[in-house]
Amino acid sequence: MSATIIDGAAVARRIRAEAAAGVATLDRPPGLATILVGDDPASAVYVRNKRRLCVEAGMRDLHRHLDGDVTEVDLAAVLDELAQDEAVTGILLQLPLPPHLDAASLIARIPPEKDVDGLTEASAGRLALGRPGLRPCTPAGVLALLDAYQVKLAGAEAVVVGRSDLVGRPMAALLLRRDATVTVCHSRTRDLEAVCRRADVLVVAAGRPGLVGAGAVKPGASVIDVGIHRGPDGLRGDVDFEAVRAVAGAVTPVPGGVGPMTIAMLLANTVTAARRLGQPGH
Ligand SMILES: Nc1nc(=O)c2c([nH]1)NC[C@@H]1CN(c3ccc(C(=O)N[C@@H](CCC(=O)O)C(=O)O)cc3)C=[N+]21
Ligand SMILES: [Mg+2]
């Protein structure tokens, strides 16, 4: 028996089509402002894909590309301008930023209503308290994938490997909201394999290529690989895909798993933001 390969590209296509249908119901097209600082090649690829799919969904592409040596004051001014601009529905500041810029204080300039990346303190607080708000795209995409494959979450043992602000922490909060029993592992976790082996649902976002092998997977478990690494043989994830597919019940590939879902949820969040901005008080 070999695992079901979770087709993130196909689920993402469906969610993008739903976002496009949502755009068509709005009085005017939402505008997505992506901000890329510098010329990191991986970031450039991601931002290019986000812009292309934003246009494909019928939204306005309001991109800003800034020099890698832009000052924090100048970048803050760009964010403030986008925050005020009525044509801008969503603001995405691509990370990582060059080391001389403080991401936290810059993200804090994004109004929560336009925080389509779900990274502001307000969005994190709303998620933690279970209030309506925009959810971080990657963890939201993971949840949408699990739902698309009808993976049961209520009462399930869920293990998240990684505790980043972008993925691990919000992932744990989302799974807890869905009544999973959630364990978060990180670099100081003792016996990572033993903890992972308890999981019915294992989400790996550690940023370490091939970290999770077959020995860390309970037979039949659903394994979601958030990692993405560029090597000589192309892209790979945090999961040893070939080894794990022999043990797991379902597993995401890299590429074609979580990556496309991140962008699909960004578009879905932008439609949600447009609806809420269009109805002040709601
Ligand atoms: N503010 C911010 N928000 C983000 O959401 C954000 C970010 N910064 N910084 C970097 C990470 C990474 N990320 C990806 C998006 C799409 C793919 C994606 O489409 N991956 C394709 C492969 C694309 C390729 O060929 O490289 C796949 O996995 O199939 C991957 C990774 C968003 N991120
Ligand atoms: Mg870590």
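All figures in this text were calculated on a predicted structure; none of them were measured in a lab. (Residues numbered from 1 in each chain as written. Chains lettered and ligands numbered in written order. Predicted model: local features only at pLDDT ≥ 70, side-chain atom pairs only at ≥ 80, totals over all residues.)

## Regarding the overall build of the protein chain
Argument step 1. Secondary structure assignment for the protein chain yields ten helices and twelve strands.
Argument step 2. Taking 19 Å as the expected radius of gyration for a compact globule of 282 residues, we find that the protein chain reaches 19 Å, a close match to that expectation.
Argument step 3. Each of the three principal axes of the protein chain carries a C-alpha extent, and together these read 55 × 40 × 35 Å.
Argument step 4. When each of the 282 residues of the protein chain is scored for burial, the buried share is 44%.
Argument step 5. Across the protein chain, the fraction of contacts at a sequence separation of at least 24, relative to all contacts at a separation of at least 6, is 70%. (Helix = DSSP H or I, 4+ residues; strand = E, 2+ residues; numbered from the N terminus. Rg over C-alpha atoms; globule rule 2.2 N^0.38 Å. Buried ≥ 20, exposed ≤ 12 C-beta atoms within 10 Å, placed from the backbone. Contact = placed C-beta atoms within 7 Å.)

## Focus: the domain arrangement of the protein chain
A common way to report how large an interface is uses the accessible area buried once the components associate.
Argument step 1. For the protein chain, the assigned domains read domain 1 (28-113) and domain 2 (136-259).
Argument step 2. Summarising the inter-unit geometry, the C-alpha centres of domain 1 and domain 2 are found 28 Å apart. (Domains from an automatic or database assignment.)

## Some thoughts on the sheet that holds strand β12 (residues 250-251)
Argument step 1. Ordered by their spatial adjacency, six strands build an open sheet running β1-β12-β9-β8-β6-β7, and the pairing between neighbours is parallel. Each end of this open sheet is capped by a strand with a single partner; those strands are β1 (4-5) and β7 (181-185).
Argument step 2. Note that strand β6 (residues 157-161) and strand β8 (residues 201-204) share four bridges and pair parallel. Among the inter-strand pairings, Val160 is bridged to a residue of β8, identified as Val203. (Pairing = 2+ DSSP bridges.)

## A few points about unusual backbone geometry
Argument step 1. The amide bond that connects Leu95 to the next residue, Pro96, takes the cis arrangement and shows omega of 0°.
Argument step 2. With respect to the secondary-structure elements, Pro96 resides in the loop between β5 (90-93) and α4 (103-107).
Argument step 3. With an omega dihedral of 0°, the bond running from Val254 to Pro255 counts as a cis peptide bond.
Argument step 4. One can find Pro255 in the loop between β12 and α10 (258-278).
Argument step 5. Positive phi, close to 70°, is recorded for Asp179, a residue that is not glycine.
Argument step 6. Tracing the chain through its elements places Asp179 in the loop between α7 (168-177) and β7.
Argument step 7. Positive phi is not limited to glycine here, since Asp191 has a value of about 50°.
Argument step 8. Examined against the element boundaries, Asp191 turns out to sit in the loop between β7 and α8 (192-196).
Argument step 9. Assessed through the 9 C-beta atoms surrounding it within 10 Å, Asp191 is described here as exposed.

## A word on the site of ligand 1
Argument step 1. Near ligand 1 lie 18 residues; those nearest to it are Tyr46, Leu95, Pro255, Gly259 and Thr262.
Argument step 2. Breaking the shell around ligand 1 down by element, the ones donating at least two residues are α2 (41-56), β5, α6 (137-148) and α10.
Argument step 3. Examining the composition of the shell around ligand 1, we find that four residues originate from one element, α10, more than from any other.
Argument step 4. Considering only residue class, the shell around ligand 1 consists of eleven nonpolar, six polar and one charged.
Argument step 5. Shared between two domains, the shell around ligand 1 holds at least three residues of each, these being domain 1 (28-113) and domain 2 (136-259). (Near = placed C-beta within 6 Å. Nonpolar A, V, L, I, M, F, W, Y, C, P; charged D, E, K, R; others polar.)

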